[in-house]
Amino acid sequence: MTITPENRESAENSESAEPHQNTRPVHPTETSDHPTEAQADSAVAESSQATPTPGTENKTEGAEAPAPLPVDYAEGTTTDEPSNYDAILLASFGGPEGQDDVIPFLRNVTTGRGIPDERLEEVATHYRANGGISPINQQNRDLKGALEAEVAARQLNIPIYWGNRNWNPFFTETFREMHAAGHRRILALVTSAYNGYSSCGQYREDFSLTLDETGLREEMSVVKVRQFFMDKAFIDPFKDALAAGIADVRAQLEQAGKPDAQPKIVFVTHSIPSRNAEAMGPDRVIEEYGTDVYSAEHLAVARHLMASVPEAAGLEHSLTFQSRSGSPKTPWLEPDINDAITEDAEAGVAGVVVMPIGFVSDHMEVLWDLDTEAKDTAAELGLAYHRAATPGIQEKFVSGLVDVLSEYLKGVNGEPVGFGEQVVPGQWSGICGPCNCTRFRKDVARS
Ligand SMILES: CC1=C(CCC(=O)O)c2cc3nc(cc4[nH]c(cc5[nH]c(cc1n2)c(C)c5CCC(=O)O)c(CCC(=O)O)c4C)C(CCC(=O)O)=C3C
Ligand SMILES: [Fe+2]
């Protein structure tokens, strides 16, 4: 359903699992005063040709007169002012680190979201089964360490901090820490690859709210790095994972005495409420893919992987969803992976390679919904099953992420020190721009 002014009220009253703009976001191209993320990105990327900014070298050198601050991206404006950043913020979701953290963490995640209590209790059991510990925090500590090593190896000389939306260290704490260390211009790398409210817009809201909560708005600026699902950084590890998964399922099938059976490749990502997916633009992507933009981005990744991994030639594939929450009455993207592989088995498929393309590391969603639930479903169906690896801290991912960061970091000649390599065909810039998938939630206080 597309939310229009006419049906807006009923949409607001229906149970909403994810807040978002209640009107279809104005497409960036329809506004004149707000540069789009595409324009912002190209302002960064093209400034070497268009507006060289010499002499903006090392910002860590102390007390020269500060150059103008880049405007907070979350506020809907940006600038191509010199973008020498003082610090990188690795921004993530956060997770509990003990049984006592589980419920407070879940309350943080779902503040004001209409997630039924039964669902929270259900999700709590996933964490409880793992000692109340989400793997995500340690994964982010490891990623931070790996990024620091890569940044140091390239002599980029910029510190990296880590902060979360839902658990310690919260953004408020990290922002204060960065400020106390003298950092004023922050470049934020979010651990979500795709566009959408949870993965992009909400982080921008978080940064903006945090600047208000800490009283640092006048002194600190935050620019969020673009999404990277289309980058070699994210794709290359999944190419390796797909090839390895196919080999493993073929071996399992061989052992099971079915040497001629072929694996099906089941791509899977986090489901979101359908109306949120449908609220995303631009129309050109919806028209090209015949589906919402969130699904289209995942389809583009899936098709690119199928086409570029030789072992996948001739195999069937599908896009499925996991980790649905919210009220059963609210439509979320489907099919659920368990339903999908049940149908596959009924249609004669003998084995599946599950490709968790929605996640950058083995989050609780991956451990529970894929390594536990979907795996059990497959076992009941007699399907050979392989869950492919996530990028994690693989070298290709880490160095590719630093390539993406490099687009924003300018060297002594004012030019970006490098570029990410975008390998998934399509024009993906400008989708999660300042005018898109953002709704400010002044009601939420986090500290
Ligand atoms: C698109 C998307 C990503 C992928 C992008 C990205 O990677 O960021 C993602 C990641 C994650 N989601 C996570 C955990 C949770 N998400 C929840 C709830 C929700 N997620 C949603 C969407 C997404 N979520 C939505 C629309 C909801 C409904 C409520 C709301 O609008 O917020 C809930 C509440 C209980 C439940 O309903 O499941 C939990 C506990 C963790 C941490 C896992 C760990 O601990 O390892 C991670 C990385
Ligand atoms: Fe989630």
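Reading the values: the criteria
- Residues numbered from 1 in each chain as written.
- Chains lettered and ligands numbered in written order.
- Predicted model: local features only at pLDDT ≥ 70, side-chain atom pairs only at ≥ 80, totals over all residues.
- Heavy atoms only, no water.
- Helix = DSSP H or I, 4+ residues; strand = E, 2+ residues; numbered from the N terminus.
- Contact = heavy atoms within 4.5 Å.
- Phe/Tyr/Trp six-rings, centres within 6.5 Å; stacked < 30°, edge-to-face > 60°.
- Lys NZ or Arg CZ within 6 Å of the ring centre and 35° of its normal.
- Domains from an automatic or database assignment.
- Buried area = accessible area lost by both parts, 1.4 Å probe.
- Salt bridge = Lys/Arg side-chain N within 4 Å of Asp/Glu carboxyl O.
- Polar contact = N/O pair within 3.5 Å; in protein donor to acceptor, adjacent residues only side chain to side chain.
- Core = buried A, V, L, I, M, F, W, Y, C linked by side-chain atoms within 4.5 Å.
- Buried < 20%, exposed > 50% of the residue type's maximum accessible area, 1.4 Å probe, protein only.

Some remarks on the environment of P135
Okay, so step 1: Residue placement: P135 occurs in the loop between α4 (117–128) and α5 (136–153).
Okay, so step 2: As a C-alpha pair, P135 and P328 span 193 residues in sequence and 28 Å in three-dimensional space.
Okay, so step 3: In contact with P135, other than residues within four places in its own chain, are N130, D362, H363, M364 and L367.

Points about the packing of aromatic side chains
Okay, so step 1: Evaluation of the coordinates by the stated rule reveals 15 aromatic pairs.
Okay, so step 2: By way of ring pairs, the aromatic residues Y194, F228, F229, F234, F238, Y289, F397 and W428 are connected into one cluster.
Okay, so step 3: Directly above the ring of Y203 sits R165, whose terminal nitrogen or CZ lies 3.8 Å from the centroid.

Regarding the domain arrangement of the protein chain
Okay, so step 1: Each domain of the protein chain was delimited in the assignment, giving domain 1 (34–95 + 134–227 + 396–406) and domain 2 (232–387).
Okay, so step 2: Of the roughly 1400 Å² buried between domain 1 and domain 2 on both sides combined, carbon and sulfur atoms contribute 66%.
Okay, so step 3: Ranking the residues of domain 1 by area buried against domain 2 places Y194, K396 and F397 at the top, with a combined share of 45%.
Okay, so step 4: If you look at where domain 1 meets domain 2, you find one salt bridge.
Okay, so step 5: Residue K396 is joined to D240 by a salt bridge in which the shortest nitrogen-to-oxygen separation is 2.8 Å.
Okay, so step 6: Viewed at the interface, domain 2 and domain 1 are joined by five residue pairs in polar contact (both at pLDDT 80 or more).
Okay, so step 7: Sorting the residues of the side of domain 1 that touches domain 2 by element identifies α5 and α14 (395–406) as the ones contributing at least two each.

Some words on the nonpolar core
Okay, so step 1: Membership of the largest hydrophobic core comes to 70 residues, with the highest contact counts inside it found for F234, L242 and M355.
Okay, so step 2: Tallying contributions element by element places helix α8 (residues 232–255) first for this core, with 10 residues.
Okay, so step 3: Counting contributing residues, this core receives three or more from each of domain 1 (34–95 + 134–227 + 396–406) and domain 2 (232–387).
Okay, so step 4: Every residue in contact with M355, bar those within four places of it in the chain, is listed here: F238, L242, I265, V266, F267, V268, L305 and A388.
Okay, so step 5: In terms of nonpolar packing, the next biggest core, distinct from the first, is built from 16 residues, M178, A188, F207 and M220 among them.

Remarks on unusual backbone geometry
Okay, so step 1: The linkage connecting G281 with the following residue, P282, adopts the cis geometry, with an omega of 5°.
Okay, so step 2: Its location among the elements puts P282 in the loop between α9 (274–278) and α10 (283–289).
Okay, so step 3: The amide bond that connects E334 to the next residue, P335, takes the cis arrangement and shows omega of 5°.
Okay, so step 4: Checked against the element boundaries, P335 lands in the loop between β6 (317–322) and α12 (337–346).
Okay, so step 5: Positive phi, close to 50°, is recorded for N157, a residue that is not glycine.
Okay, so step 6: For N157, the location among the structural elements is in the loop between α5 and β2 (160–164).
Okay, so step 7: Residue S323 is not a glycine yet carries a positive backbone phi of 60°.

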